[in-house]
Amino acid sequence: MKYSLLTYKYFIDVVETQGFTPAAKRNFVSQTAISNAIKNLEKDLGVQLIDRSTSHFKVTLAGINLYHCAVPVLNKYYEFSEKISQLNNSFQTLRIHYLHAFDYWAVELAHSLAKNNPDLQLQLDTENFAASIPKLDAGDYDVLIGFSTAVSKIKNIHVRKVGTANFGILLNKKAIDQKGILKKDAIKKQPLFLQKWTATDNNDVQTKIKNILDKMNISYEQIIYLDSFDAALANVVLNHGMAIYPEELPLPKMYDNHVTFLPNLPKLKYDVVAIYKNPAICNILDRSLAKK
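The structure presented is a predicted model; accordingly, all values stated were derived computationally and were not measured.

A. Looking closely at the packing of helix H5 (residues 103-116) against helix H9 (residues 281-289). Two numbers describe how H5 lies on H9: the axes approach to 9 Å, and their chain directions differ by 90 degrees. By the angle between their directions, the pair H5 and H9 is classed as roughly perpendicular. Taken together, the residues of H9 that come into contact with H5 (itself represented by Leu-109, Ser-112, Leu-113 and Asn-116) are Ile-284, Leu-285, Arg-287, Ser-288 and Leu-289. Classifying every residue of the contact of H5 with H9 by side-chain character gives five nonpolar, three polar and one charged.

B. Seen up close, helix H8 (residues 229-237). Every buried residue of H8 is listed here: Phe-229, Ala-232, Leu-233, Asn-235, Val-236 and Val-237. The elements touched by buried residues of H8 are strand S4 (158-172), strand S5 (192-195), strand S6 (223-226), strand S7 (242-246) and strand S8 (259-261). In the segment just after H8, Asn-239 is the residue with positive phi, at about 60 degrees.

C. Quick peek at the pattern of salt bridges. Within this structure, the stated rule accounts for 10 salt bridges. Across the salt bridge formed by Asp-13 and Arg-26, the nearest N and O atoms sit 2.8 Å from each other. Of this pair, Asp-13 sits in helix H1 (residues 5-17) while Arg-26 sits in helix H2 (residues 20-27); the two residues are 13 residues apart in sequence, bridging distant segments of the chain. For Glu-16, the salt bridge identified is with Arg-26, shortest N-O distance 3.0 Å. Here Arg-26 lies in helix H2 and Glu-16 lies in helix H1, a separation of 10 residues in the sequence.

D. Fine view of helix H6 (residues 129-137). Within the sequence span of H6, burial applies to Phe-129, Ser-132, Ile-133 and Leu-136. What you see down the axis of H6 is that its buried residues fit within an arc of 80 degrees, all on one side. Along its buried surface, H6 packs onto strand S1 (93-99), strand S2 (121-127), strand S3 (143-147) and strand S9 (268-276). Gly-139, located one to two residues past H6, shows a positive phi value of around 85 degrees.

Definitions and cut-offs
- All residue numbers refer to positions counted from 1 along the written sequence of the respective chain.
- Local features in this predicted model are restricted to residues whose pLDDT is 70 or higher, and side-chain atom pairs enter the listing and the counts only when it is 80 or higher, whereas totals over whole chains, interfaces and linings include all residues.
- With hydrogens and water stripped out, all remaining heavy atoms of the structure feed into the side-chain values.
- Structural elements are reduced to axes, namely lines fitted to C-alpha atoms, with helices fitted over the stretch in contact, and the angle between N-to-C directions of any two is expressed from 0 to 180 degrees.
- Every helix listed is a DSSP run of H or I at least four residues long, and every strand listed is a run of E at least two residues long, numbered separately from the N terminus.
- Should an angle lie under 35 degrees it is considered roughly parallel, over 145 roughly antiparallel, and from 65 to 115 roughly perpendicular; all remaining angles are considered oblique.
- Only heavy atoms matter for contacts: two residues are in contact if any of them lie within 4.5 Å across the pair.
- When residues are sorted by character, Ala, Val, Leu, Ile, Met, Phe, Trp, Tyr, Cys and Pro go into the nonpolar class, Asp, Glu, Lys and Arg into the charged class, and all the rest, Gly among them, into the polar class.
- The buried label applies to any residue whose accessible area, calculated with a 1.4 Å probe on protein chains only, is under 20% of its type's maximum; exposed applies above 50%, and partly exposed to all values in between.
- A carboxyl oxygen of Asp or Glu within 4 Å of a side-chain nitrogen of Lys or Arg is what we treat as a salt bridge.
- The arc in question is the one traced by the directions running from the helix axis out to the C-beta atoms.

Quick look at the structure:
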């Protein structure tokens, strides 16, 4: 009999999230991958774990027993893995990947790390959100820079705050009159540009932005999702709509006469974090960030 810890992790997540689809989202894999893994596990063990004959999700008695057996085993494995990783807490090279548009905070962190760890080599690269956690879990890189909300329900990873993002709504100055008041008619038939990311909890900046705009009676024709803040900025410069934009990102001076931030928008602050699996990285981050 072959035992796959990943398969048992999938099973535990299915039980805890009460479904194949939410378990798939937790693991950043397809629902089919989760379903097939559970079917193969049932075939291997010779027992039914999930009762599929009812319309409601139901774990069989065998499934409940397996869950209670598997949880402590997985926890022990993760504890063992962390202790092994701490045997050597030195890094010659730290591979830092960042989600699209998080280059500002990645560079800030890299400067701090280089200053406080002169022998440490740093490698920076961008990362697609959908593949970011599986690749981090597989050891393809060491640190991911992104939002804490994006990984708030993902197990067995660590986060360390590295900065704060203050979000606003970027507009073309043609949408503001001479008194600095928003001309709502000028934007209601235009799109709102947002980023292609997904939060795993309810503390999502984009949802809050939409709710705030609704309370301010600011309408838009549709939502268009883009890969980068640069793309959003370009559309706003062309007066093609309004866009969510972090105030920390410097706007090119060539656009000073074209864009502005929506006045009287409540500030939305979100933690930018370093996400990592190896707990030994915490020592490097703490040593550098404490001296900022």
